[in-house]
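Given next are the chains, with one letter for each unit.
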Amino acid sequence: MNVHDSERLSGLLEDAGYVRAPQGADEADVVVFNTCAVRENADNKLYGNLGHLAPKKASRPGMQIAVGGCLAQKDRDTIVKRAPWVDVVFGTHNIGKLPVLLERARVQDEAQVEIAESLEAFPSTLPTRRESAYAAWVSISVGCNNTCTFCIVPALRGKEKDRRPGDILAEIEALVAEGVSEITLLGQNVNAYGSDIGDREAFSKLLRACGKIDGLERVRFTSPHPRDFTDDVIAAMAETPNVMPQLHMPLQSGSDPVLKAMRRSYRQERFLGIIEKVRAAIPHAAISTDIIVGFPGETEDDFEQTLHVVREARFAQAFTFQYSKRPGTPAAEMDGQIPKKVVQERYERLVALQEEISWEENKKQVGRTLELMVAEGEGRKDDTTHRLSGRAPDNRLVHFTKPDQEVRPGDVVTVEITYAAPHHLLAEGPVLEVRRTRAGDAWEKRNAAEKAKPVGVMLGLPKIGAPEPLPAVASGCGCD
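Criteria and thresholds
- Residues numbered from 1 in each chain as written.
- Predicted model: local features only at pLDDT ≥ 70, side-chain atom pairs only at ≥ 80, totals over all residues.
- Heavy atoms only, no water.
- UniProt positions renumbered as here; feature names shortened; annotations may be inferred.
- Helix = DSSP H or I, 4+ residues; strand = E, 2+ residues; numbered from the N terminus.
- Rg over C-alpha atoms; globule rule 2.2 N^0.38 Å.
- Buried < 20%, exposed > 50% of the residue type's maximum accessible area, 1.4 Å probe, protein only.
- Contact = heavy atoms within 4.5 Å.
- Areas by Shrake-Rupley, 256 points an atom, 1.4 Å probe, with all protein chains shown as cover.
- Lys, Arg positive; Asp, Glu negative; His and termini not counted.
- Charge placed at Lys NZ, Arg CZ, Asp CG, Glu CD.
- Core = buried A, V, L, I, M, F, W, Y, C linked by side-chain atoms within 4.5 Å.
- Axes fitted to C-alpha atoms, helices over the stretch in contact; angles between N-to-C directions.
- Parallel < 35°, antiparallel > 145°, perpendicular 65-115°, else oblique.
- Nonpolar A, V, L, I, M, F, W, Y, C, P; charged D, E, K, R; others polar.
- Pairing = 2+ DSSP bridges.
- Expected span 1.5 Å × (residues − 1).

As recorded in an unreviewed UniProt entry, the protein goes by the name tRNA-2-methylthio-N(6)-dimethylallyladenosine synthase, listed as coming from Streptomyces indiaensis. Per its UniProt entry, the protein bears the Subunit (unreviewed entry) comment "Monomer."

Visitor: Residue-level account of the overall build of the protein, with values.
Guide: Along its length, the protein carries 15 helices and 21 strands. Here the C-alpha radius of gyration of the protein, 23 Å, is about what a compact globule of 480 residues would show, namely 23 Å. The principal-axis extents of the C-alpha atoms in the protein amount to approximately 60 × 60 × 45 Å. Burial statistics for the protein: of 480 residues in total, 56% are counted as buried. By sequence separation, contacts in the protein at least 24 residues apart represent 76% of the contacts at least 6 residues apart. Here the protein displays about 20,800 Å² of accessible surface, and carbon together with sulfur accounts for 51% of that area. Of the side-chain charges in the protein, 61 are positive and 70 negative, and the distance between the mean point of each set is 1 Å.

Visitor: Any details on the nonpolar core? Residues and values, ideally.
Guide: Burial of nonpolar side chains together is a common tendency in soluble globular proteins. If you look at the biggest cluster of nonpolar residues, it comprises 67 residues, and the most contacted ones within it are Ile172, Leu185, Leu207 and Phe229. Top contributing element to this core by residue count: helix H13 (residues 340-363), with six residues.

Visitor: Summarise the UniProt feature "binding site: [4Fe-4S] cluster" (unreviewed entry) in the protein; cite the residues concerned and give the values.
Guide: Mapped onto the present numbering, the UniProt feature "binding site: [4Fe-4S] cluster" (unreviewed entry) falls at Cys144, Cys148 and Cys151. Tracing the chain through its elements places Cys144 in the loop between strand S7 (141-142) and helix H6 (153-157). Cys144 gets classed as buried once you look at its relative accessible area, which sits at 8%. Once residues within four sequence positions are removed from consideration, Cys144 is found in contact with Pro154, Gly158, Lys159, Glu160 and Gln188. Its place among the elements puts Cys151 in the loop between S7 and H6.

Visitor: Mind laying out unusual backbone geometry, listing which residues take part and the relevant values?
Guide: Of note, the amide linkage connecting Thr222 to Ser223 takes the cis form, showing an omega dihedral of -10°. Take Ser223: it is sitting in the loop between strand S10 (218-222) and helix H9 (231-239). Despite not being glycine, Arg314 shows a phi value in the positive range, around 50°. Structurally, the position occupied by Arg314 is in the loop between helix H12 (300-313) and strand S13 (317-322).

Visitor: Now, about the packing of helix H1 (residues 2-15) against helix H5 (residues 98-108): what can you tell me, with residues and values included?
Guide: Taken N-terminus to C-terminus, the directions of H1 and H5 make an angle of 55°; their axes are 9 Å apart at the nearest point. Considered as vectors, H1 and H5 are oriented oblique to each other. Taken together, the residues of H5 that come into contact with H1 (itself represented by Leu9, Leu12 and Leu13) are Leu98, Pro99 and Leu102. Within the contact of H1 with H5, the residues separate by chemical class into six nonpolar, no polar and no charged.

Visitor: Can you explain the UniProt feature "domain: Radical SAM core" (unreviewed entry) in the protein? Please cite residues and give values.
Guide: Residues annotated in UniProt with the feature "domain: Radical SAM core" (unreviewed entry) correspond here to residues 130-361. Regarding residues 130-361, the helix share stands at 40% and the strand share at 16%, and the terminal C-alpha atoms are separated by 33 Å.

Visitor: Run through the side chain of Ser141, naming residues and quoting values.
Guide: The residue Ser141 is located in strand S7 in this model. Here Ser141 falls in the buried class, since its relative accessible area comes to 0%. The residues touching Ser141, leaving out its near neighbours within four places in the chain, are Met1, Phe122, Glu160, Lys161, Asp162, Leu186, Gly187 and Gln188.

Visitor: Give me the pairing of strand S15 (residues 387-391): which residues, what numbers.
Guide: Here is the key point about a regular strand: its side chains alternate between the two faces of the sheet. Most of S15 sits inside the fold, with four of its five residues counted as buried. Note: strand S14 (residues 369-374) against S15, two bridges, orientation antiparallel. Residue pairing across strands places Val374 opposite Gly390, the latter belonging to S15. Direction of pairing for S15 relative to strand S16 (residues 397-401): antiparallel, over a ladder of five bridges. Note that in S16 the partner of Arg391 across the bridge is Leu397. The hairpin formed by S15 and S16 contains five residues between the paired strands, and Asn395 there has a positive phi angle of roughly 80°.

Visitor: Can you break down H13 residue by residue, with the values?
Guide: Given a rise of 1.5 Å per residue, 24 residues ought to cover 34 Å, and the 34 Å separating the end C-alpha atoms of H13 matches this to within 8%. Where the residues of H13 are buried, they touch strand S12 (286-293), H12, S13, strand S18 (419-420) and strand S19 (425-427).

Visitor: Give a detailed account of the sheet that holds S14, specifying residues and quantitative values.
Guide: The seven strands are arranged S18-S19-S16-S15-S14-S17-S20 in an open sheet whose pairing can be described as mixed. On the outer flanks of this sheet lie S18 and strand S20 (433-435), each paired with one strand and no other.

Here you go:
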């Protein structure tokens, strides 16, 4: 969701006449930080980066720095105090105001701090500068009605607000008309969609409606909540050909007492029951999850229950996080905070187990013939290995031998999997088939337009990208 917001910020600023500073350039006129507040290290990272920019700004009259997002919403009164060289502070609800605030700060020669308490405009109604020509995020709701004790996001993003189905489908159709062939539906609790408009089956209906959009080849969504994961959604996934066989289902803990303390409204049996139903309906589905280690009060027995669920569920991938205490959340005040040494030891055991399972599950893909959507920039060693990279329908990353004919990001290739590693697959033989697509045409057209662009006012933004999963193992705190 932060990446999607960053795309909107880029779009707003480009609409106002700015252009992006070249990658790696040290001469941006505007630097925008779009922040997250889920973990403590986000705070440290922000203020460290702001400190690094202070002398640069002092030596460059006219340079501007803006801070937005969840940390800005949370630390509205302290950012300018700690970093008085910041020009603009804006929150999660008023990202559309950034160009105006930058101009006001320039004219008045003083910092502008503006934090809206409720949503002013749904993010997807703002201009966008999508990083990918072939894949796009589509926000279907913002905010969250859950009250998980570890999570600060609802306090910063507000209550759930759903978009009208017609608006969502109109946006998807417009994206497809531009050449997009893959969309990812976004929501803080994506499958609770409909609670704000009074339709409990609205999400499954939306998935089925996506299946009727001509030219839309792949549909994904993130992140669902086990509480709201109903049988009609499983049926819609299984029966809608362009809904991909992939599911990200946050577990957080396998222990019933810990889930209760987290205020998660499901238990181990319910979670495993959902996994079983999904596997029965979609046998080749790749299921990933989020897990928090070291939640206050977690005993060794509780942690063993988490390991048990990991063994039973056999996740293709898990984003594993060490609990991070966030001021303002109930969990921060709970008794039984776990020593760092204990949390680290449990975390390492969990990572080792999941690595083993991920590798075993990937080995089952060897010998399968898969259709890949060619990706841009996902294979860091592709130039060295003379390979290209793409995503399988279940979102596994596959590196494949570069064919003799031209293949563009967004095109589709058919390959046979020959080797499996824990976090990627290889197709070392020749490509069996190449299908040029409208998405590849769109990528080619955009590339040509980018090269022809005139130089204008430069804009520096953190790197943002097309929908893609995070690294398999990260440190943090899942909030879905």
